[in-house]
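Chains, contacts and geometry: an overview
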Amino acid sequence: MQLVFIILFVAASLLHLYSRLPEKGSRLAVITKPLLMPLLLGCYLTVCEQPALTVYLAMIFSFIGDVFLLYPERKITRLLGFSSFFLAQISYIVHYIGLVGAPGKTIIILAVICYVSAYLISCLILFPNIPKKWKIPVSIYMLAISGMSFMALMTFFTRFSNWMGLALFGSGMFICSDFILCMEIFKEKTRYGNFIVMLTYIVAQAAIVFGLANIGGLFY
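All of these numbers come straight from a predicted model, not from anything done at the bench.

1. Notes on the confidence of the model for the chain
Looking at the chain, the pLDDT average stands at 91 and 97% of residues meet or exceed 70. Within the chain, helix H3 (residues 53–68) carries the highest mean pLDDT (96), whereas helix H5 (residues 105–126) carries the lowest (92).

2. Quick notes on the nonpolar core
Membership of the largest hydrophobic core comes to 62 residues, with the highest contact counts inside it found for Tyr92, Tyr96 and Phe174. Among the elements of the structure, helix H1 (2–19), helix H2 (27–47), H3, helix H4 (75–99), H5, helix H6 (132–158), helix H7 (162–186) and helix H8 (193–215) are those that each provide at least two residues to this core. What Tyr96 contacts, discounting residues up to four positions off in sequence, is Met148, Met151, Ala152, Thr155, Met164, Ala167, Ile208 and Leu212.

3. So, the packing of aromatic side chains
The description of an aromatic ring pair rests on the distance of the ring centres and on the angle between the ring planes. One pass over the structure, following the stated rule, counts nine aromatic pairs. Measuring from ring centre to ring centre gives 6.2 Å for Phe82 and Trp134, while their planes differ by 50 degrees; the resulting arrangement is tilted. Of this pair, Phe82 sits in helix H4 while Trp134 sits in helix H6; the two residues are 52 residues apart in sequence, bridging distant segments of the chain. There is no split in this pair, since Phe82 and Trp134 are both buried.

4. Brief notes about the packing of H7 against H8
Viewed as axis vectors pointing N to C, H7 and H8 meet at an angle of 155 degrees, and their least axial separation amounts to 7 Å. The pairing of H7 with H8 is recorded here as roughly antiparallel in orientation. The chirality of how H7 crosses H8 is left-handed. Residue classes in the contact of H7 with H8 are distributed as 19 nonpolar, nine polar and one charged.

5. Focus on the packing of H2 against H8
Geometry of a packed helix pair, given as the angle between the helix axes and the separation of the axes. Axis separation between H2 and H8 bottoms out at 9 Å; the angle between their running directions is 15 degrees. For the element pair H2 / H8, the angle class is roughly parallel. H2 and H8 meet at a crossing whose hand is right-handed. Contact residues: Lys33, Leu36, Met37, Leu40, Cys43, Tyr44 and Val47 in H2; Met198, Tyr201, Ile202, Gln205, Ala206, Val209, Phe210, Leu212, Ala213 and Asn214 in H8. Taken together, the residues of the contact of H2 with H8 break down into 14 nonpolar, two polar and one charged.

6. Structural notes on a nonpolar patch on the surface
A cluster of nonpolar residues, Leu45, Leu53, Tyr56, Leu57 and Ile60, forms a patch on the protein surface that exposes about 360 Å² of accessible area. By the element assignment, Tyr56 lies in helix H3. Note on Tyr56: relative accessible area 34%, which makes it partly exposed.

What counts as what
- Sequence positions are assigned chain by chain, starting from 1 and proceeding in written order.
- With pLDDT at 70 or above as the cut-off, local features in this predicted model cover only qualifying residues; side-chain atom pairs require 80 or more to be listed or tallied, and sums for whole chains, interfaces and linings still use all residues.
- Side-chain numbers here rest on the full set of heavy atoms in the structure, without hydrogens or water.
- Per-residue confidence from the predictor is given as pLDDT, running between 0 and 100.
- A run of H or I in DSSP becomes a helix once it reaches four residues, and a run of E becomes a strand once it reaches two; helices and strands are each numbered from the N terminus.
- Working definition of a nonpolar core: buried Ala, Val, Leu, Ile, Met, Phe, Trp, Tyr and Cys residues. They are joined through side-chain atoms within 4.5 Å.
- Burial here depends on accessible area, computed with a 1.4 Å probe over protein chains only, as a share of the maximum for the residue type. Under 20% is buried, over 50% is exposed, and the range in between is partly exposed.
- In what follows, a contact means two residues having at least one pair of non-hydrogen atoms within 4.5 Å.
- Only the six-membered ring of Trp is used, alongside the rings of Phe and Tyr, when aromatic pairs are assigned; centres must lie within 6.5 Å, and planes under 30 degrees apart are stacked while those over 60 apart are edge-to-face, with the rest tilted.
- For helices, the axis comes from a line fit to the C-alpha atoms of the stretch in contact; other axes are also lines fit to C-alpha atoms, and the angle between any two N-to-C directions lies between 0 and 180 degrees.
- For classification purposes, an angle smaller than 35 degrees is called roughly parallel, one larger than 145 roughly antiparallel, one from 65 to 115 roughly perpendicular, and anything else oblique.
- Handedness of a helix crossing follows the sense of rotation of the near helix relative to the far helix, less than a right angle counterclockwise being left-handed and clockwise being right-handed.
- Residues were grouped as follows: Ala, Val, Leu, Ile, Met, Phe, Trp, Tyr, Cys and Pro as nonpolar; Asp, Glu, Lys and Arg as charged; and all remaining residues, including Gly, as polar.
- Two joining distances apply to patches: 9 Å for like charges and 5 Å for nonpolar side chains (Val, Leu, Ile, Met, Phe, Trp, Tyr), and every residue must have over 30% relative accessible area and no salt bridge.
- Working definition of accessibility: Shrake-Rupley area with a 1.4 Å probe, residue cover restricted to the visible protein chains.
- Here, a salt bridge means any side-chain nitrogen of Lys or Arg that lies within 4 Å of a carboxyl oxygen of Asp or Glu.

Next up, the structure:
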């Protein structure tokens, strides 16, 4: 079953990326996008010997967010989409809390400086284009995804492995995807914007899930 889910996930991902190319119809995207997270969840459940409820919830919230963000131009679906992904990031954070050890103080301080700096730079780039009523929701979500990546980094330093490195890479790709998505929504759409957003998002989720699946986990 592992191979079946992996093949189906790769096929759905390729079809969805094709649908996100310029001048391609969006009808295919409406079908393929909701398939991504359920198939990735299937991969996780068949690969991981000890599945974690937190990762399961992250996948469910991501699926809900994917469905809502099929229509990002609508304010209510955009808000519900951001809220769903906020809960997905919280689920990942809780999972990392269950995995992380005790990194050294120097590592923590340097990591905090890097993430705070990246957060502030992102705010400086994005906020001039974000409507006032969206600044607080976007700020909160940015804190959540930054916190998720920070916890992935701390877990990497305390549970050093190639698989944890893959999950850390995924967290960085997730930040890139959402940064580009905000630029597309609040600034201006670019020709390949939708394609790049989905490419980085699919890579991010797959890297996180397969990385965590091979580390293992507990039900919380």
